[in-house]
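The residues making up each chain are set out below.
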Amino acid sequence: MKDHLSDFKPFVASTERQKEFSWRAIILGIILSVFFAIGNAYLGLKVGMTISASIPAAVMSMAILRAFFRNVSILENNIVQTVAAVGEGLAAGVIFTIPALFILGDKPPILNIFLLAVLGGILGVLFMIPMRRYIIVQEHGILPFPEGTACAEILKAGEKSQPNAILALWGIIIGALYKTLNGAFYLWNETMNFVIKPYEKAVFGMDGTPALLGVGYIIGPRISAVLFAGGALGWWVLIPLIKMFGEGMTTVFPATTPISQMESIDIWSNYIRYIGAGAVAAGGLITLFRIIPVIRRTMIEMLREVFHLFKMKKRDVERTDHDISLSYLLLGSLAIIIALWAFPGFHLNIVTIILLVVLGFFFVAVTSITVGIVGSSSSPVSGMTITTLLITCLILLGLGWTSRVYLLGAITMSAVANIAIALGSTTSQDLKTGFLLGATPRSQQIAEIIGLFLPAIAIGFTIYLLDDVYKFGSTKLPAPQATLMALIAKGVIQQQLPLTLVIIGVVLGFLVYFMRVSVLAFAIGLYLPISLSTSVMFGGLIHLIFEHFSKDEKSLGRGILMASGLVAGDACMGVIIALLAVLGWIPASKPGLLSDWFSLAFFIVLSLFLGFISYKKFKAK
């Protein structure tokens, strides 16, 4: 081991035995996992990002278990947050890819979605096992793992004092109530649009939802500002320019309507999204090139660990170093790969299966390193999946396989790879938390596999509900990554991609990188409707303003708990409203009773309340 490990001692010593893998922890973890899976599925399809479930799940676990049981150990609470985080990771893996099949007109049955989610999720957990000792243990002190480390500190602090879970609960209630009033009773409009007529009818829009406000607060002012800048460039610079120079009746590919007859949303759909796609691809490539030295070192160390595991006897392993055995890893991975190849509804052949194994394993390693450096919120999981899909499509095109079945096979393979990558990212953060606390890795790994099944079912039903009500690719539910996957797969394999627009996006992405700005955040802002990024920017501003006034470090944590509750309450109520609309009990859409100015006023009040919650606590001390 390296020098920086010589003084490290976990919170619970390896020789100490505490209750860890208990059914009360597993059951609570699964309940929270389903909750965060549904919420993040809705959020990801709307805004293209998910929020980490580990910290709010850890706080809620400590409060709930203490309320009903005695002698609850810190390692049990760690199992709860480990299982709960699976829902968030699984949601990201599924909703970034599976809706692309819906968009291409091939709705997979819920059983297929369930199988893809579970098999891809288990693959991601298994792929992380041979990497754990190097990435988590040997690189301790080098790879910070922000969320994993923060979660461990919260669990440690919770051992000394009662966690303030009431803020998360209030956030859930307020988020759900706000969503009910404008989404079910239609008292005011969720989306506000203000047209600036003298400026080529440019649109200033805002989706006034608690979820977007909470996301902005959680990711902070810098990333929110970059996201907003991407949207502002697209909607307030590029779209007016295209309108100004697009006078006349000439039709420009890929659109089928003259620019002079288009609204801003049409120009965004036909042109700006392709530029955004190129910028996202550039962001993914830049990330890969930046961490090539770390990837190379990881692969070498990982191979050494595999051979070490073959030689190592079970009795030689300390409790805190005990993983799922290598034999289960190899047999489990092989069984999953055979199942994916043999199942007829997945459209996978031997070429896509080989690509899945090679690219999936490689990108699980890459993502695990990346989240160790920048954290889960900034990790380019979707960028890695886009790279996987692009490589697969180019290979299929080179082989002359351009029929529809290969197009669907490429998307399906990328879906499994993306789920594995997302679970690898989640698992690495959880294992880091466990390493700091002195947890048993094997218990965490088994808990994560158990925790996959129920959220996988819930996500399948959630996807069908949301598509029936809002339709993927619409302004209500853009499904940005999935729409991008469909565009890339269809464009490359069937050679219908407007390359000039994509190349403009790639060049723009590299220019943004040279200015030392987060390319992926900027590209996603460019790719999304402006109404989403403005709302996220509001949350970032509230974070900045109230953090400036409050010097108490705990105030930020209180705000994040409240924001997490807003996201969860809004997102879960959104899914319930979609169900009510499918049943015909309420209309899917309807103009609000109050004007857009009232909608803006209510959203500002909610924003100020979020900031005031943390600041008030600080002043009271």
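Just so you know, the residues in each chain are numbered from 1, in the order the chain's sequence is written. For a predicted model such as this one, the threshold for reporting local features is a pLDDT of at least 70, and the threshold for listing and counting side-chain atom pairs is 80 or more; totals across whole chains, interfaces and linings nevertheless cover every residue. Values reported for side chains reflect all heavy atoms of the structure, with hydrogen atoms and water molecules removed beforehand.

- You'll find the protein chain entered in an unreviewed UniProt entry as Putative oligopeptide transporter HI_0561, with Simkania negevensis given as the organism.
- UniProt positions are given in the numbering used here, feature names are shortened, and annotations may be inferred rather than shown by experiment. The annotation that UniProt attaches to the protein chain under Subcellular location (unreviewed entry) is "Membrane".

## As for the overall build of the protein chain
- Working definition: helices are DSSP H or I runs of at least four residues, strands are E runs of at least two. Numbering for both runs from the N terminus. Across its full length, the protein chain holds 23 helices and two strands.
- Remark: exposure states derive from per-residue accessible area (1.4 Å probe, protein chains only) relative to the maximum for the residue type, with buried under 20%, exposed over 50%, and partly exposed in between. Counting over 621 residues, the protein chain shows a buried share of 61%.
- Here, two residues are considered to be in contact whenever any of their heavy atoms come within 4.5 Å of each other. Put simply, 85% of the contacts in the protein chain that link residues at least 6 apart link residues at least 24 apart.
- For the protein chain, the accessible area works out to roughly 24600 Å², and carbon and sulfur atoms hold 68% of it. Surface exposure here means Shrake-Rupley accessible area, sampled with a 1.4 Å probe, where a residue is shielded only by the protein chains that are shown.

## Description of the pattern of salt bridges
- Definition used for salt bridges: Asp or Glu carboxyl oxygen within 4 Å of a side-chain nitrogen of Lys or Arg. If you walk through the whole model with that rule in mind, you get ten salt bridges.
- With a shortest N-O distance of 3.9 Å, Arg319 and Glu20 are connected by a salt bridge. With Arg319 in the loop between helix 11 (292-311) and helix 12 (326-342) and Glu20 in the segment before helix 1 (23-47), the pair connects residues that are 299 residues apart, well separated along the chain.
- The class of Glu20 is buried, set by a relative accessible area of 7%.
- Its salt-bridge partner being Asp467, residue Lys107 comes within 3.2 Å of it at the nearest N-O pair. One end of the pair, Lys107, is in the loop between helix 4 (98-103) and helix 5 (110-128); the other, Asp467, is in helix 17 (residues 453-470), with 360 residues separating them in the sequence.
- Since its relative accessible area comes to 37%, Lys107 is described here as partly exposed.
- Taking the relative accessible area as the measure of exposure, Asp467 reaches 5% and is therefore buried.
- Bridged by salt links that share partners, the residues Lys46, Lys179, Glu190, Asp207 and Asp570 form one connected network.

## Observations concerning the environment of Ala339
- Summarising the element assignment, Ala339 is placed in helix 12.
- On the accessibility criterion, Ala339 (31% relative accessible area) is partly exposed.
- Between the alpha carbons of Ala339 and Leu119 there is a distance of 8.6 Å; along the sequence they are 220 residues apart.

## A word on the packing of helix 1 against helix 17
- The geometry of helix 1 relative to helix 17 is characterised by a closest axis approach of 9 Å and an angle of 30° between their N-to-C directions. For the element pair helix 1 / helix 17, the angle class is roughly parallel. In this structure, helix 1 meets helix 17 at a crossing whose hand is right-handed. Across the interface between the two elements, Ile30, Ser33, Val34, Ala37, Ile38, Ala41, Tyr42 and Leu45 of helix 1 pack against Leu454, Pro455, Ala458, Ile459, Thr462 and Leu466 of helix 17.
- Taken together, the residues of the contact of helix 1 with helix 17 sort by class into twelve nonpolar, two polar and no charged. Note on definitions: angles span 0 to 180 degrees between N-to-C directions of axes, and those axes are lines fitted to C-alpha atoms, for helices only across the stretch in contact. When an angle is under 35 degrees it counts as roughly parallel; over 145 it counts as roughly antiparallel; between 65 and 115 it counts as roughly perpendicular; any other value is oblique. Note on convention: the crossing is left-handed when the near helix lies turned anticlockwise from the far helix by less than a right angle, right-handed when the turn is clockwise. Side-chain classes follow a simple rule in which Ala, Val, Leu, Ile, Met, Phe, Trp, Tyr, Cys and Pro form the nonpolar group, Asp, Glu, Lys and Arg form the charged group, and the remainder, Gly included, forms the polar group.

## What to know about a nonpolar patch on the surface
- Two joining distances apply to patches: 9 Å for like charges and 5 Å for nonpolar side chains (Val, Leu, Ile, Met, Phe, Trp, Tyr), and every residue must have over 30% relative accessible area and no salt bridge. Together, Ile196, Tyr199, Val237, Leu241, Met244 and Phe245 make up an exposed nonpolar region whose accessible area comes to about 570 Å².
- Looking at which element gives the most residues to the nonpolar patch, the answer is helix 9 (residues 210-245), with four residues.
- Here Tyr199 is to be found in the loop between strand 1 (191-196) and strand 2 (202-207).
- A residue is classified by how much of its surface remains accessible, and Tyr199, at 39% relative accessible area, is partly exposed.

## Here's the deal with empty space enclosed by the protein
- Only protein atoms enter the calculation, which uses a 1 Å grid: trapped sets of points that fit a 1.4 Å probe without letting it out are cavities, open sets showing protein on both sides within 12 Å along at least five of seven lines are pockets, and any residue with an atom within 4 Å of a point is a lining residue. Grid points are joined across faces, edges and corners, and a volume is the space filled by probe spheres set on the points. For the coordinates displayed, the defined rule picks out five cavities of 30 Å³ or more.
- Volume-wise, the second largest cavity comes out at about 50 Å³.
- Considering the residues around the second largest cavity, the lining is formed by Arg132, Ile136, Thr320, Leu431, Gly434, Phe435, Ala439, Pro441 and Gln444.
- Residue assignment for the lining of the second largest cavity shows that the elements contributing at least two residues are helix 6 (132-138), helix 15 (404-437) and helix 16 (441-450).
- Broken down by element, the lining of the second largest cavity gets its largest block of residues, three residues, from helix 15.
- Within the lining of the second largest cavity, the residues separate by chemical class into five nonpolar, three polar and one charged.

## Considerations on the packing of aromatic side chains
- Aromatic rings from Phe, Tyr and Trp, with only the six-membered ring used for Trp, were paired whenever their centres fell within 6.5 Å, and each pair was classed as stacked if the ring planes differed by under 30 degrees, edge-to-face if by over 60, and tilted otherwise. Evaluation of the coordinates by the stated rule reveals 17 aromatic pairs.
- Their ring planes at 75° and their centres at 5.2 Å tell us that Phe102 and Tyr464 sit as a pair that is edge-to-face. Highlighted residues: Phe102 in helix 4 and Tyr464 in helix 17, separated in sequence by 362 residues.
- Measuring from centroid to centroid gives 5.4 Å for Phe102 and Phe472, while their planes differ by 80°, and the two rings are edge-to-face. A residue pair is termed long-range when its members are at least 10 positions apart, and Phe102 in helix 4 and Phe472 in the loop between helix 17 and helix 18 (480-493) qualify at 370 residues. The exposure classification of Phe102 matches that of Phe472, with both residues buried.
- Ring-pair connections join several aromatic residues into one group, and the members of that group are Phe194, Phe204, Phe228, Trp236 and Trp597.
- Think of it as a cone above the ring: NZ of Lys or CZ of Arg counts as a charge over the ring if it is within 6 Å of the ring centre and within 35 degrees of the ring normal. For the cation-ring pair, Arg24 lies above Phe69, with the distance from its terminal atom to the ring centre recorded as 4.9 Å.

## Remarks on unusual backbone geometry
- Even without being a glycine, Asn71 presents a positive backbone phi close to 55°.
- Tracing the backbone through its elements, the reader meets Asn71 in the loop between helix 2 (54-68) and helix 3 (74-95).
- The class for Asn71 is exposed, based on a relative accessible area of 72%.

## Notes on helix 17
- Helix span, as expected, comes to 1.5 Å for every residue beyond the first. The terminal C-alpha atoms of helix 17, which comprises 18 residues, lie 26 Å apart, in line with the 26 Å expected from a rise of 1.5 Å per residue.
- The buried fraction of helix 17 amounts to 13 of the 18 residues, a majority that puts the element mostly inside the structure.
- Residue Lys471 follows helix 17 closely and has a positive phi angle near 70°.

## Considerations on the pairing of strand 1
- Between any two strands, pairing holds if DSSP finds at least two bridges. Pairing of strand 1 with strand 2 involves six bridges; the strand directions are antiparallel. Along strand 2, the bridge assignment pairs Thr191 with Asp207.

## Some thoughts on the confidence of the model for the protein chain
- The predictor's confidence in any single residue is recorded as pLDDT, a number from 0 to 100. Mean pLDDT over the protein chain stands at 82; residues scoring 70 or higher make up 89%.
- Within the protein chain, no element has a lower average pLDDT than helix 11, which sits at 63, and none a higher one than helix 16, at 94.

## Examining helix 20 (residues 519-527)
- For helix 20, the buried fraction is high: nine of the nine residues fall into the buried class.
- For helix 20, the full list of buried residues reads Val519, Leu520, Ala521, Phe522, Ala523, Ile524, Gly525, Leu526 and Tyr527.

## Describing the side chain of Thr180
- Residue placement: Thr180 occurs in helix 8 (residues 166-183).
- A residue is classified by how much of its surface remains accessible, and Thr180, at 18% relative accessible area, is buried.

## Here we look at the packing of helix 5 against helix 12
- Interhelical geometry of helix 5 versus helix 12 gives an angle of 150° and a closest axis separation of 10 Å. Relative to helix 12, the element helix 5 lies roughly antiparallel. The chirality of how helix 5 crosses helix 12 is left-handed. Residue-level inspection shows Leu116, Leu119, Ile122, Leu123, Leu126 and Phe127 of helix 5 in contact with helix 12, the latter providing Leu329, Gly332, Ser333, Ile336, Ala339 and Leu340.
- Grouping the amino acids of the contact of helix 5 with helix 12 by side-chain chemistry returns ten nonpolar, two polar and no charged.

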